[in-house]
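# Geometric and topological summary
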Amino acid sequence: MKVSKRSSYIHSLLIQSKLRSSGLAMADWGFAHFGDDDENEDEDGEFGFQARFNQRDGLIFLIDTSKSMFDAADDEECLFQLCMKAAKTTVQNKIISSERDLIGTVFFGTEESENQSGFKHVYVYQSLDQPGAQRILDLEDMEENCVRTFSKDYGHNEAYSLRDALWTCQNMFASSAQNLGSKRIMLFTNNDDPHGANPQLRRLAVTKASDLNETGIDLELMHLQNPGQSFDINKFYKDILYNDDDDINEMADPAEKMEELLRRVRSKDHKKRANRRIPFSLGEGLNFSVGVYNLVRSCPKPYAVKLTKKENAELKSHTKTYLPDTGEVLMPQDLKKAQTYGGRKICFENDEVTEIKRFDTPGFTLMGFKPRSSLKKYFHVKPAQFIYPDEMKVTGSTQAFSALLKKCLERDVTPICKYIPSRNLPPKFVTLLPQAEELDEHKVQVTPPGFHVIFLPCADDFRRVNYVEKPRATADQIDKAKEVIKKLKFKFSSEDFENPVLQNHWRNIEALALERDEVEEPVDHILPSVELFAERAGKALDEFKDMVFPPGYVPGQKRRAPAASTAAKKAKAEDALAGLDVKKEAEAGRLGKLTVAVLRDVIKKEKINTTATRKNDLIDAINDHFGI
């Protein structure tokens, strides 16, 4: 299916967008794709911040196409369809969150073969490239239509070699012209022992998995199972999976439903990407390295990008600074910064300004410990960050970090540190809130272990609020309000609520790019559910309303101000004329400050003959009457 010119235009908008995902899903230490900090002004730094963010991530979906992956009841989706739907969803999310990353799709266990190395039973369905509209359409067509004809178009063959499939993925990464910051393979299968009857193929697969690990390619297992089927990771896959962060003592349960698979794919979709990597000093001569992550970030609409009319290429702007007197173009080294002090402008070179901004080496410096109870909820200056050990810079950081975390949890204390984010940012005092690891019922990591970096307020951040004490609620009203709140409480998760404006924006763009006739309406979970409120706390809400509000009160209805009577209006007008010297006001030219109603009363009182209705005409009639 060929994408139209309109779709190419919309797709170019998608590619140029700089929106970053704000999801908070984390699993197996794999944090979501967090963007760079708004305050970051670090210039390249010893930890290579800029170089890391100029790189892309590579992801290949390696999908088992054995016959068992296509077994399903008539009214249910097969496991292969779940895999294609997960791949399609990932590509859609990548366009929004990480449009520069590369994604590919490879089938193994097919009769047909299509790969550069000529391996049998390995088919490269989509090469390693940036996500786009056509790729989404192809995956969608494979999920909905081609799955019925898969046996005819691609075929099935159980005589495949997993080593060949992994080797194909390795060659795809090696032949990529892009500089990839991370390389990952997601293996989807429901076969827990693919080479149980062939020890040689098993040995070759284990050797190739070791080669992948040594070359920096991560292999992640997305194991599936049909109803009534079991998956034992100890039979084969425990020998080929490597994890630098943690030993594979227990894996998540195999996925049977789409929700379970998508949750695991999304949690592993984004490679953990530290905002910065800096040292942590426990004392003189005792340092280790940590990575700092942003957990929360706002998601605005992407800014508009100007494109050329003919080619849809992005228009780039260039700015030059000219000297007003001569029109000479000024270079960056010709510009200086100045600070006014004592009536004089003191000029600084750019290098001097850079040195002034630097206070010390970036990193955490331990100052001491405080009981966890000393941390108050109102100590909120800015959103917290998260730190996790980094073995890339200092070997043994995980061990030292784990020991510190374990002792802080046992003794219920929080470390107090001096924190310098980068060379160009001032130091801040923070407290590190320890957090233990948590797993859900499927043994998927819900909460990772580590420290939350809580920024401590300074003395100037505290303010005294003077307020006038108003009538307070009675004890019965307070108790009833507590009852209402208790009935309406629920477990909050930021993942359960999506910005409906952003969702509608991206769905409209997606519909245009994919040439949809109808746009899927997003569900606004922010709107309160009146029916659910009435079901859970209807009686308590009615009782609370009767106790607090006056009889006949209708929530949301504005009260109308009582209408003034004719007698009151007449009395008000007489009061306005009582102390008014009309002639004096006219001579002073202040008649324009009077209202039309007052001017009419003046004309009536002075018996001025006029039929004027506008304010200026009334003023002219009064001035003529007094000869002004």
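Residues numbered from 1 in each chain as written. Predicted model: local features only at pLDDT ≥ 70, side-chain atom pairs only at ≥ 80, totals over all residues. Heavy atoms only, no water.

The name an unreviewed UniProt entry gives the chain is X-ray repair cross-complementing protein 6 isoform X2, with Aplysia californica as the organism. UniProt lists a comment for the chain under the heading Sequence similarities (unreviewed entry), and it reads "Belongs to the ku70 family." (UniProt positions renumbered as here; feature names shortened; annotations may be inferred.)

What follows deals with the overall build of the chain. When you go through the chain residue by residue, the secondary structure sums to 17 helices and 18 strands. When burial is assessed residue by residue, the chain has 39% of its 628 residues classed as buried. A fraction of 72% describes how many contacts in the chain between residues 6 or more apart in sequence connect residues 24 or more apart. Only carbon and sulfur atoms are counted for the fraction: they give 50% of the accessible area of the chain, which is about 38000 Å². (Helix = DSSP H or I, 4+ residues; strand = E, 2+ residues; numbered from the N terminus. Buried < 20%, exposed > 50% of the residue type's maximum accessible area, 1.4 Å probe, protein only. Contact = heavy atoms within 4.5 Å. Areas by Shrake-Rupley, 256 points an atom, 1.4 Å probe, with all protein chains shown as cover.)

Attention shifts here to a positive patch on the surface. A grouping of Lys486, Lys487, Lys489 and Lys539 is seen on the molecular surface, where their side chains present a positively charged patch. Within the secondary structure, lysine 486 sits in helix α11 (residues 475-488). The class for lysine 486 is exposed, based on a relative accessible area of 67%. (Patch = residues over 30% accessible without salt bridge, like charges linked within 9 Å, V, L, I, M, F, W, Y side chains within 5 Å. Salt bridge = Lys/Arg side-chain N within 4 Å of Asp/Glu carboxyl O. Lys, Arg positive; Asp, Glu negative; His and termini not counted. Charge placed at Lys NZ, Arg CZ, Asp CG, Glu CD.)

What sets the pattern is the α-helix's 3.6 residues per turn: residues three or four places apart point alike. For helix α6 (residues 162-174), built from 13 residues, the straight-helix expectation of 18 Å at 1.5 Å per residue is met to within 8% by its first-to-last C-alpha distance of 18 Å. Among all positions in α6, only Leu162, Asp164, Ala165, Leu166, Thr168, Cys169, Gln170, Met172 and Phe173 are buried. (Expected span 1.5 Å × (residues − 1).)

With that out of the way, let us pick up the sheet that holds strand β5 (residues 217-223). With mixed pairing, five strands are arranged side by side in an open sheet as β3-β2-β1-β4-β5. Both edges of this open sheet fall to β3 (122-129) and β5, since each of them pairs with a single strand only. With strand direction ignored, the average angle separating the axes of adjacent strands in the sheet is 15°. Bridge count for strand β1 (residues 56-64) against strand β2 (residues 102-108) is seven bridges, and the pairing is parallel. Along β2, the bridge assignment pairs isoleucine 63 with phenylalanine 107. Against the sheet, helix α3 (residues 79-97) touches β1, β2 and β4 (180-189), its axis set at about 170° to β1. (Pairing = 2+ DSSP bridges. Axes fitted to C-alpha atoms, helices over the stretch in contact; angles between N-to-C directions.)

Turning to the side chain of histidine 195, a few remarks are in order. Along the polypeptide, histidine 195 turns up in the loop between β4 and α7 (199-214). For histidine 195, the side chain forms a polar contact with the main-chain nitrogen of leucine 162, separated by 3.1 Å. Once you skip the residues sitting within four places of it in the chain, histidine 195 turns out to touch Tyr160, Ser161, Leu162, Leu201, Arg202, Ala205 and Phe236. (Polar contact = N/O pair within 3.5 Å; in protein donor to acceptor, adjacent residues only side chain to side chain.)

Attention shifts here to the pairing of strand β12 (residues 363-371). Two strands pair when backbone bridges link them, and strand β6 (residues 276-283) and β12 are joined in this way by two bridges, in the parallel orientation. For phenylalanine 280, the partnering residue across the bridge sits in β12 and is phenylalanine 364. Where β12 lies against strand β14 (residues 413-420), eight bridges are found, and the strand directions are antiparallel. Across the sheet, threonine 365 pairs through a bridge with lysine 418, a residue of β14.

The interhelical angle for the contact between helix α16 (residues 596-606) and helix α17 (residues 615-625), taken along N-to-C directions, is 30°, at an axis separation of 10 Å. One finds that α16 runs roughly parallel with respect to α17. Every pair of crossing elements has a handedness; the one defined by α16 and α17 is left-handed. Touching Val596, Leu599, Arg600, Val602, Ile603 and Glu606 of α16 are Lys615, Leu618, Ile619, Ile622 and His625, all from α17. Per-class residue counts for the contact of α16 with α17 are seven nonpolar, one polar and three charged. (Parallel < 35°, antiparallel > 145°, perpendicular 65-115°, else oblique. Left-handed = near helix turned anticlockwise from the far one by under 90°. Nonpolar A, V, L, I, M, F, W, Y, C, P; charged D, E, K, R; others polar.)

Moving on, we get to the nonpolar core. General note: in soluble globular proteins, nonpolar side chains tend to be found buried as a group. Formed by 32 residues in total, the largest nonpolar core has its most connected members in Phe61, Ile63, Phe80, Phe107 and Met142. Elements that contribute at least two residues to this core include exactly β1, α3, β2, α4 (133-146) and β4. Here the element with the most residues in this core is α3; it accounts for eight residues. Excluding residues that lie within four positions of it along the chain, phenylalanine 80 makes contacts with Ile63, Asp64, Thr65, Met69, Phe70, Phe107, Met142, Val147 and Phe150. (Core = buried A, V, L, I, M, F, W, Y, C linked by side-chain atoms within 4.5 Å.)

For β14, the buried fraction is high: seven of the eight residues fall into the buried class. The sheet contact formed by β14 and strand β15 (residues 428-435) spans four bridges and is antiparallel. Bridging across to β15, tyrosine 419 finds its partner in lysine 428.

Moving on, we get to the packing of α11 against helix α13 (residues 530-548). Taken N-terminus to C-terminus, the directions of α11 and α13 make an angle of 165°; their axes are 9 Å apart at the nearest point. Classed by the angle they form, the pair α11 and α13 counts as roughly antiparallel. Taken as a pair, α11 and α13 cross one another with a handedness that is left-handed. Of α13, the residues touching α11 (which contributes Asp476, Gln477, Lys480, Ala481, Glu483, Val484, Lys487 and Leu488) are Phe533, Arg536, Ala537, Ala540, Leu541, Glu543, Phe544, Met547 and Val548. Of the residues in the contact of α11 with α13, the class split is 10 nonpolar, one polar and six charged.

As a further point, take the packing of aromatic side chains. Overall, the coordinates contain 24 aromatic pairs when judged by the stated rule. Their ring planes at 80° and their centres at 6.1 Å tell us that phenylalanine 379 and phenylalanine 462 sit as a pair that is edge-to-face. Taken together, the residues phenylalanine 379 in the loop between β12 and β13 (385-389) and phenylalanine 462 in the loop between β18 (450-455) and α11 connect sequence positions 83 residues apart. Relative accessible area serves as the criterion here: at 43%, phenylalanine 462 is assigned to the partly exposed category. Taken together, the ring pairs connect Phe280, Phe288, Phe364, Tyr388, Phe401, Tyr419, Phe451 and Phe455 into an aromatic cluster. Here the guanidinium or amino end of lysine 208 rests over the ring plane of tryptophan 167, the centre of that ring lying 4.1 Å away. Just above the ring of phenylalanine 455 sits the side chain of lysine 382; from NZ or CZ to the centre is 4.7 Å. (Phe/Tyr/Trp six-rings, centres within 6.5 Å; stacked < 30°, edge-to-face > 60°. Lys NZ or Arg CZ within 6 Å of the ring centre and 35° of its normal.)

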